[in-house]
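# Topology and contacts: notes
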Amino acid sequence: MDDHRSALVLDTQVFENLKFNFLHSYFTELKNLKSFYDFDIILPTVVDREVTKRLSERIRKVHAGLLKEKSYLSYFKVPQISLEDALEEALTAYDEFKLKFRVKVVGNQSVKVDDVLELYFNRQPPFSDAKKSEFPDAISLLALKTVQYGMLYVITADQDWVEFCKNEDKFTCYKSLPFFIDERLTESSSFLATLKQALLSGQNFIELNELVVEKFKEMTSFEIYVGRKLQDLSPKHCEQFELSNVNLTDFKKLHFLPNNGYSIDNNHYCSLQLELSFSVYVQLGIETKLVKGMKIDVPIYKRERLATTASFFADLKEGSIVTLSFMSFDTQEWFIEN
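Here the residue numbering is sequential within each chain, running from 1 through the sequence in written order. Local features are withheld for residues below a pLDDT of 70 in this predicted model, meaning they are given only at 70 or higher, and side-chain atom pairs are given and counted only at 80 or more; totals for whole chains, interfaces and linings count all residues. The side-chain values count all of the structure's non-hydrogen atoms but skip hydrogen atoms and water molecules.

Let us now look at the layout of surface pockets. Left-over empty space is what a probe sized like a water molecule reveals as it rolls over the atoms. Lining residues are defined by having an atom within 4 Å of a point belonging to a cavity or pocket. Those points lie on a 1 Å grid over the protein atoms alone, cavities being sets where a 1.4 Å probe fits but cannot get out and pockets being open sets with protein on both sides within 12 Å along at least five of seven lines. Grid points are joined across faces, edges and corners, and a volume is the space filled by probe spheres set on the points. Considered as a void within the structure, the largest pocket measures approximately 450 Å³ in volume. Every residue lining the largest pocket is counted, 18 residues in all, and those nearest its centre are Ile59, Val62, Leu66, Ile81 and Ala86. Under the DSSP-based scheme used, a helix requires at least four consecutive residues in state H or I and a strand at least two consecutive residues in state E, with every element numbered from the N terminus. Listed by contribution, the elements that provide at least two residues to the lining of the largest pocket are α3 (45-68) and α5 (83-100). The biggest single contributor to the lining of the largest pocket is α3, with seven residues.

Another point: the pairing of strand β2 (residues 39-44). Classification of residues uses two cut-offs on accessible area relative to the type maximum, computed with a 1.4 Å probe and protein chains only: under 20% is buried, over 50% is exposed, and between them is partly exposed. Taken across its six residues, β2 has six buried, putting it largely inside the fold. Burial along β2 is two-sided: Phe39, Ile41 and Leu43 and Asp40, Ile42 and Pro44, pointing in opposite directions, are all buried. Pairing between two strands requires that DSSP report at least two bridges joining them. As defined by bridge partners, strand β1 (residues 6-10) adjoins β2 across four bridges and the pair is classed as parallel. Along β2, the bridge assignment pairs alanine 7 with aspartate 40.

So, about the side chain of glutamine 231. The topology assignment puts glutamine 231 in strand β7 (residues 229-233). Assessed through its relative accessible area of 17%, glutamine 231 is described here as buried. What qualifies as a polar contact is a pair of N or O atoms within 3.5 Å, subject to a donor-acceptor requirement within protein and to the restriction that residues adjacent in sequence count only when both atoms come from side chains. From its side chain, glutamine 231 meets the backbone oxygen of glutamine 283 in a polar contact 3.0 Å long. Beyond its immediate stretch of four places on either side in the chain, glutamine 231 contacts Phe222, Glu223, Ile224, Val226, Val282 and Gln283. Contacts were defined at the residue level, with two residues in contact if any of their heavy atoms lie within 4.5 Å.

This is the structure in structure tokens:
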């Protein structure tokens, strides 16, 4: 774990609110949000076990209800699935969710019993006079305190969790997953527009052009069809480069900046896609000429304007590209009639 990264913490209620539907649209939106920001998703061990337990309980409850109405199921063409098969399918769906989102489960090894008892006897969150048996929550929260992340964004409607997080600088609570996604996507969209404007103006755009041309010329050669014959061309012979239709196709930020908005002064990285056009001489054929009584084969060249879609991975700092890594150039559509 990295104390410069951020992490999103989900509690059991998040999954219950979404009816344990691991393909829910909110999870799809969460996946989209991760394409803008580089953060981990973590679950305390207690939450992980509670999700498994409550999911199994719900499956058993639904199965029992179906058995009571068994005589009617044939009218709905409901397939007969055993309880064991249903449980296995549900728990497999949960495992696949954790794998898809690369969920990290935080263990309890770092939690000291004395720390839990201190919260209990001092009636500190998550303990209170009304809720004295919050040991699982206390263990989860103390475990989260020890993880090495710059910020933890906790999705919970549990007021005891909220009260606990108020006293921790690196904890920020959100009452629901939709609220978190909506706020972050709105802010990231605005930030993305600001960043794109910065990258494509003034000196930044000049430097971007130079970096793209430099990467293009690092290729050994590229192929082009001239009169249905394949011809190799050297990028070093290309000139008059122009960039157009520059888009940020994937953007990641190292961490959120709570309460202070966003700033292009922080390190982050993105993927760029753009149209790159250039001029190059292609050989159309051979012409035989008579020079001083001798027949000489002379290549026939034609100046052509070509265009390609180029994709790059860029490291950014203070709103400028500092390094540009080659990804790909699309050259499959180059065809010249001679």
